[in-house]
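# Working through the structure, step by step
Each chain, written out:
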Amino acid sequence: MIIELKATLLEKRDPELRGNNFEIQPFLLQVGDKKLYLEAVGMYSGIANGINEGDVVFCKAAISSNPRKDNPDKYWTNINLIEMQSSLNTDALTEDQNKENDLPF
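What comes next concerns the included structure.

Reading the values: rules and limits
- Residues numbered from 1 in each chain as written.
- Predicted model: local features only at pLDDT ≥ 70, side-chain atom pairs only at ≥ 80, totals over all residues.
- Heavy atoms only, no water.
- Salt bridge = Lys/Arg side-chain N within 4 Å of Asp/Glu carboxyl O.
- Buried < 20%, exposed > 50% of the residue type's maximum accessible area, 1.4 Å probe, protein only.
- Helix = DSSP H or I, 4+ residues; strand = E, 2+ residues; numbered from the N terminus.
- Pairing = 2+ DSSP bridges.
- Core = buried A, V, L, I, M, F, W, Y, C linked by side-chain atoms within 4.5 Å.
- Contact = heavy atoms within 4.5 Å.

## Describing the pattern of salt bridges
Tallying each qualifying case throughout the model produces five salt bridges. The shortest N-O distance in the salt bridge between Arg18 and Glu16 comes to 3.0 Å. A relative accessible area of 31% places Arg18 in the partly exposed class. Arg18 is the salt-bridge partner of Glu39, the closest N and O atoms lying 2.7 Å from each other. In this pair, Glu39 sits in strand S4 (residues 34-41) while Arg18 sits in strand S2 (residues 16-18), placing the two residues 21 residues apart along the sequence. One network of salt bridges, in which partners are shared, links Glu16, Arg18 and Glu39.

See below:
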């Protein structure tokens, strides 16, 4: 399941290596009056390249529940960031698309 949210990027923390040397990029986001700590894992760890703390961002996060290896009747749930875009980039894209649609014919 994918959820989408608009947030302010409060902190872009230092990447970490975990498990079998896969990279984790932690983020602290402000969504409304709540602070959320979320991580981008593995191939998604670079999703915030070019995005600065304080930027308003649009994010997608994947929620997954998996059975535990030691007891398949119990589950663990992950919520990981899979996409992050600065609102500055999406505003510019929207403006470009609007210009393309303003054709004189």
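What follows picks up the thread again.
## Concerning the pairing of S4
Remember that side chains alternate between the two faces of the sheet whenever the strand is regular. Note: strand S3 (residues 22-31) against S4, eight bridges, orientation antiparallel. Bridged to Ile24 within S4 is Val41. The turn linking S3 back onto S4 is made up of two residues, and Gly32 within it adopts a positive phi angle of 60 degrees. Inspection of the sheet shows S4 paired to strand S6 (residues 75-86) by two bridges, in the parallel sense. The residue of S6 that forms the bridge with Ala40 is Leu81.

## So, the environment of Asp55
With respect to the helices, strands and loops of the structure, Asp55 is situated in the loop between S4 and strand S5 (56-67). Along the primary structure Asp55 and Gln85 are separated by 30 residues, whereas in three dimensions their C-alpha atoms are 9.5 Å apart.

## Focus: the nonpolar core
The biggest cluster of nonpolar side chains holds 15 residues, and the ones touching the most others in it are Leu9, Phe27, Leu29, Val57, Cys59, Leu81 and Met84. Counting only elements with at least two residues in this core, the list comes to strand S1 (2-12), S3, S4, S5 and S6. Not counting the four nearest positions on each side in its chain, Leu9 is found in contact with Phe27, Leu28, Leu29, Ile51, Asn52, Glu53, Gly54, Asp55, Val57 and Met84.

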